Amino acid sequence: MMDLLDLLHQTMSSPWVYLAIFAIAVLDGFFPVVPSETAVITAGVFAASGAPYLPAVILVAAAGALVGDHISYTIGRVGGARLLDRLPPDGRRRAAIDWARRGIATRGGLILTVARYVPGGRTAVTLTMGAVHYPRRRFLAFDALAAGSWGLYSALVGYLGGLAFEQDPLRGLLLGLGLALTVTVLVEVVRWLRGHRRGAARADEPGGDAVSAGAVSRPADAR
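Note that this is a predicted model, so its numbers are computed, not measured.

## Things to note about the packing of aromatic side chains
Here comes step 1: A full pass over the atoms with the stated rule returns two aromatic pairs.
Here comes step 2: Between the aromatic rings of Tyr117 and Tyr153, the centroid separation amounts to 5.2 Å while the plane-to-plane angle is 75 degrees, which identifies the pairing as edge-to-face. Highlighted residues: Tyr117 in the loop between helix 6 (111-115) and helix 7 (121-131) and Tyr153 in helix 8 (residues 136-164), separated in sequence by 36 residues.
Here comes step 3: Residue classification places Tyr117 among the buried positions, given a relative accessible area of 17%.
Here comes step 4: Taking the ring centre of Trp150 as reference, the NZ or CZ of Arg116 above it sits at 5.0 Å.

## Here's the deal with the packing of helix 2 (residues 17-30) against helix 7
Here comes step 1: At a closest axis distance of 7 Å, the pairing of helix 2 and helix 7 adopts a crossing angle of 65 degrees. Here helix 7 runs roughly perpendicular to helix 2, going by the angle between their axes. For the pair formed by helix 2 and helix 7, the contact residues are Asp28, Gly29 and Phe30 on the first element and Arg122, Thr123 and Thr126 on the second.
Here comes step 2: In terms of residue class, the contact of helix 2 with helix 7 is built from one nonpolar, three polar and two charged.

## Considerations on the packing of helix 2 against helix 3 (residues 36-47)
Here comes step 1: With their axes 8 Å apart at the nearest point, helix 2 and helix 3 run at an angle of 155 degrees to one another. Classified by the interaxial angle, the pair formed by helix 2 and helix 3 is roughly antiparallel. Seen from above, helix 2 lies across helix 3 with left-handed handedness. Together, Ile21, Ile24, Ala25 and Asp28 of helix 2 and Ser36, Ala39, Val40 and Ala43 of helix 3 make up the contact between the two elements.

## Focus: the environment of Ser154
Here comes step 1: Along the chain, the position of Ser154 falls in helix 8.
Here comes step 2: Between the C-alpha atoms of Ser154 and Glu37, which are 117 residues apart in sequence, the distance is 6.3 Å.
Here comes step 3: In this structure, Ser154 is in contact with Glu37, Val40 and Ile41, ignoring residues within four places of it in sequence.

Conventions adopted
Residues numbered from 1 in each chain as written. Predicted model: local features only at pLDDT ≥ 70, side-chain atom pairs only at ≥ 80, totals over all residues. Heavy atoms only, no water. Phe/Tyr/Trp six-rings, centres within 6.5 Å; stacked < 30°, edge-to-face > 60°. Helix = DSSP H or I, 4+ residues; strand = E, 2+ residues; numbered from the N terminus. Buried < 20%, exposed > 50% of the residue type's maximum accessible area, 1.4 Å probe, protein only. Lys NZ or Arg CZ within 6 Å of the ring centre and 35° of its normal. Axes fitted to C-alpha atoms, helices over the stretch in contact; angles between N-to-C directions. Parallel < 35°, antiparallel > 145°, perpendicular 65-115°, else oblique. Contact = heavy atoms within 4.5 Å. Nonpolar A, V, L, I, M, F, W, Y, C, P; charged D, E, K, R; others polar. Left-handed = near helix turned anticlockwise from the far one by under 90°.

By themselves these figures say nothing about function.
Shown next as structure tokens:
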């Protein structure tokens, strides 16, 4: 355990940690198995002890997320429509894409901020926005808000854990990850409840399903 702690201290005190956080955040934008949030939270925990520098962690995490999201958007814009149409109709990825389309149609670019805290949601939304040719300037504006808030949130969650257990960074990391998981679960519960209520409301309205199906074909902000 001490060897692991020493390794983490050496890694987090290295100036290369900022490049690593940036690269991980970029990859997570279009390859969502990369644990960018864990990396940023970990850096935030150790920032409570002085290294790395918290504002720099927030900046590089947000910048990496912004670049990664734009890569995902570009992939969607170039060939995303064909790629998304090939997804199995009953699969989890198809469900995520359908959720993204509904969110874009009803909330426009603000869905980007919500998707940042939904597992698998950020990639589904950015790919879909590219596939439906959502205006690039609006995408940049909303994504800057989403990436900035995510970088700030993730780093501060870790920082709070580090302050609570300044002499035991591993416990601080567990606290930070626990807080992040709690927020993610709450977002998922709220999203499920809202989706369930909307589905029930549509079922009670004549022709409601047909209207809903047409609404996701073209986002309101993409005119």
